[in-house]
Amino acid sequence: MALQATPYRVEINLTDLDRSVYQDLRFTVARHPSETEERLVARLIAYVLWYGEQLAFGRGLSDVDEPALWEKSLDDRVLHWIEVGQPDAERITWCSRRAERFSLVAYGNLRVWQSKVLDTVRSLKKINVVAVQQEALETVATDLPRAINWSVMISEGSLFITDERGQHEVPLQWLIGERD
């Protein structure tokens with residue numbers, strides 16, 4: 001019998017002072033059986049960083065032809081392709097060619113990945129890569145409840161998540177491009 005995805009009920013009060021976005025978001029997101037809680041949190045961070053009405057979660061790990069998140073136009077063109085993790089240069093190039101813009105939330109030990117992968121894709125157009133500090137990601141992901149209730153504030157490029165355990169600053173470092 002195949003393992004089933006784990007559903008998480010998510011409520012986020014989003015205050016994005018940088019983009020003047022103020023939303024109360026409620027949705028359910030599934031965590032693939034092979035997905036870590038850190039990766040799920042990285043997907044949620046990507047969601048709030050680039051939130052828009054058309055932004056949706058892709059099948060990600062279940063379907064390699066889909067991103068972690070994407071924004072599509074009404075005529076089904078991919079406007080924004082968003083990945084999380086440390087994809088190789090071929091994957092970044094492949095994904096960036098299928099969308100008008102490409103963004104990546106990278107996490108983990110990035111030192112080797114940056115020198116091997118990022119240096120080879122810097123010339124690609126319309127890509128943004130942001131690194132999330134691993135320690136902060138682990139803190140937010142530890143004992144992640146199935147009913148996630150966050151208050152998120154983004155101000156001057158800094159991200160703060162408040163949950164039942166308190167406030168967590170999640171440092172962001174833009175490696176390529178910037179948030180638009």
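Everything that follows concerns the structure shown earlier in this document.
The rules behind these values
Residues numbered from 1 in each chain as written. Predicted model: local features only at pLDDT ≥ 70, side-chain atom pairs only at ≥ 80, totals over all residues. Heavy atoms only, no water. Axes fitted to C-alpha atoms, helices over the stretch in contact; angles between N-to-C directions. Helix = DSSP H or I, 4+ residues; strand = E, 2+ residues; numbered from the N terminus. Left-handed = near helix turned anticlockwise from the far one by under 90°. Contact = heavy atoms within 4.5 Å. Nonpolar A, V, L, I, M, F, W, Y, C, P; charged D, E, K, R; others polar. Buried < 20%, exposed > 50% of the residue type's maximum accessible area, 1.4 Å probe, protein only. Pairing = 2+ DSSP bridges. Right-handed = clockwise from strand over helix to strand, strands pointing away. Parallel < 35°, antiparallel > 145°, perpendicular 65-115°, else oblique.

Axis separation between helix α2 (residues 89-96) and helix α3 (residues 111-121) bottoms out at 9 Å; the angle between their running directions is 35°. Considering only the axes of α2 and α3, their crossing is right-handed. Two secondary-structure elements touch here, α2 through A89, I92 and T93 and α3 through W113, V117, T120 and V121. Here the contact of α2 with α3 is built from residues that sort into five nonpolar, two polar and no charged.

Attention shifts here to the pairing of strand β6 (residues 101-106). Burial within β6 is extensive, with five of its six residues counted as buried. Pairing between strand β5 (residues 78-84) and β6: five bridges, direction parallel. Looking at β6, one finds that W81 is bridged to F102. Since β5 and β6 lie parallel, the crossover through α2 that links them has a hand, and here it is right-handed. Across five bridges, β6 lies against strand β7 (residues 127-132) in parallel orientation.

This paragraph deals with the packing of helix α1 (residues 37-49) against helix α4 (residues 134-141). Two elements in contact, α1 and α4, have axes whose closest approach is 9 Å; the angle formed by their N-to-C orientations is 100°. Compared by their axis directions, α1 and α4 come out roughly perpendicular. Packed against α1, whose contacting residues are E37, E38, V41, A42 and I45, the element α4 presents Q134, L137, E138, V140 and A141 at the interface. Its residues assigned to classes, the contact of α1 with α4 shows six nonpolar, one polar and three charged.

Here we take up the environment of G166. If you trace the backbone, G166 turns up in strand β10 (residues 166-170). When the C-alpha positions of G166 and R179 are compared, they lie 26 Å apart, and in sequence the two are 13 residues distant.

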